[in-house]
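Commentary on secondary and tertiary structure
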Amino acid sequence: ARKDLDQLQWSYNATLTAVATAHTTLSLSFVQQHDEQETPYLRTDFPRTFGSDITNLLPDPDRIHYDSHVESLALWGIQNLTDWLEMRSFASFTWMQAKIGGDNATANALEAANEVDSRILSTGIDFGFRARDGLRFDVGYRFDQYLDHHSQAPIDPDDRRHTLHFGITANLDLLGRRAAN
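So, a few notes on the structure that sits alongside this text.

Let's shift gears to the side chain of serine 68. Along the chain, serine 68 turns up in strand β5 (residues 57–80). Overall, the relative accessible area of 12% leaves serine 68 in the buried class. Those residues in contact with serine 68 that lie beyond four places of it in its chain are Gln33, His34, Asp35, Gln97 and Ala98.

We now examine the side chain of threonine 24. Structurally, the position occupied by threonine 24 is in strand β2 (residues 24–43). Residue classification places threonine 24 among the buried positions, given a relative accessible area of 14%. Among residues more than four places away in sequence, those in contact with threonine 24 are Ala18, Val19, Ile78 and Gln79.

The next thing to look at is the packing of aromatic side chains. Counted according to the given criterion, the structure contains 3 aromatic pairs. An aromatic cluster of three or more residues is present, and its members are Trp10, Tyr12 and Phe30. In this structure, arginine 130 packs its charged tip against the face of tryptophan 84, placed 4.2 Å from the ring centre.

Attention shifts here to the pattern of salt bridges. Applying the stated criterion to the full structure yields 10 salt bridges. One salt bridge in this structure joins arginine 88 and glutamate 86, with 2.3 Å as the shortest N-O distance. Its relative accessible area of 24% is what places arginine 88 among the partly exposed residues. One salt bridge in this structure joins arginine 136 and aspartate 138, with 3.1 Å as the shortest N-O distance.

This part takes up the environment of methionine 87. In this fold, methionine 87 is placed in strand β6 (residues 85–101). Each C-alpha atom, one on methionine 87 and one on glycine 140, is 9.4 Å from the other, the two residues being 53 residues apart in sequence. When residues no more than four places from it in sequence are discounted, the contact partners of methionine 87 are Gly77, Ile78, Gln79, Leu81, Ile125, Asp126 and Phe127.

Moving on to a nonpolar patch on the surface. A cluster of nonpolar side chains, Leu81, Ile125, Phe127, Val139, Tyr141, Leu164 and Phe166, forms an exposed patch at the surface whose accessible area comes to about 640 Å². Those elements that place two or more of their residues in the nonpolar patch are β7 (115–132), β8 (135–148) and β9 (159–170). With respect to the secondary-structure elements, leucine 164 resides in strand β9.

Our next topic: the environment of histidine 23. The topology assignment puts histidine 23 in the loop between β1 (6–21) and β2. Beyond its immediate sequence surroundings of up to four residues, histidine 23 is in contact with Ile78, Gln79 and Asn80.

The pairing of β6 with β7 spans 15 bridges and is classified as antiparallel. When the bridges of β7 are listed, phenylalanine 93 appears paired with leucine 121. In terms of strand pairing, β7 meets β8 through 14 bridges, oriented antiparallel. In the strand pairing of β8, aspartate 126 is matched with glycine 140. If you look at the hairpin formed by β7 and β8, you'll find 2 residues sitting between the two strands, and glycine 134 has a positive phi there, around 95 degrees.

Calculation criteria
Counting from 1, residues in each chain are numbered in the order their sequence is written. The predicted origin of the model limits local features to residues at a pLDDT of at least 70 and limits the giving and counting of side-chain atom pairs to 80 or more, whereas totals for whole chains, interfaces and linings rest on all residues. Side-chain metrics in this entry use all non-hydrogen atoms of the structure; hydrogen atoms and water are not considered. Runs of E in the DSSP output that reach at least two residues are strands. Runs of H or I that reach at least four are helices, and both are numbered from the N terminus. Burial classification: accessible surface area is computed with a 1.4 Å probe over protein chains only, and a residue below 20% of its type maximum counts as buried, one above 50% as exposed, and the rest as partly exposed. The contact rule is simple, with two residues in contact once any of their heavy atoms fall within 4.5 Å. Two rings from Phe, Tyr or Trp (for Trp, the six-membered ring) form a pair when their centres are within 6.5 Å of each other. A pair whose planes differ by under 30 degrees is stacked, one over 60 is edge-to-face, and the rest are tilted. For a Lys NZ or an Arg CZ to count as sitting over a ring, it must be within 6 Å of the ring centre and within 35 degrees of the ring normal. When a carboxyl oxygen of Asp or Glu lies within 4 Å of a side-chain nitrogen of Lys or Arg, that pair is called a salt bridge. Patch construction takes residues with relative accessible area above 30% that form no salt bridge. Like charges are linked within 9 Å, and nonpolar side chains (Val, Leu, Ile, Met, Phe, Trp, Tyr) are linked within 5 Å. Only the protein chains shown count as cover for residues, with accessible areas throughout obtained via the Shrake-Rupley method and a probe of 1.4 Å. For two strands to be treated as a pair, DSSP must find at least two bridges joining them.

Structure (structure tokens):
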């Protein structure tokens, strides 16, 4: 079956990095992405195929149009506090818009919830401790705030998330060489 999909995708990223001192690095980044698709098929949650003749694409007599646009601005920095301790922090703001449209049964059925207009604010801090060459411990905190300007009752996508993370990174090659010496 021919899928007859029209699609336009593009993106770009611009990053500016400044090494303020021998121990401090700051970066600013902007990303923009666009995805636009139009197809006369409706995707389903059925398995990919039932034998060889039926796929998960159901014909729709009218074309379904999908359009998304994402922009993100981020600022982050790294500060070496000592030879063994590093602090990393960041803040980012993301705008996301998406819409399913067209004059068809699918778009009409989704009319009340066919648009996403979200903002995501994220910020965090992380500390990394290098115990020795090849062994590093990390601990950090991240806060995310999600705001959707097209909320539909009873679903409220606005949310706040607090995340703590702990990590261990081991480079076995470096640790093995050190043990051999």
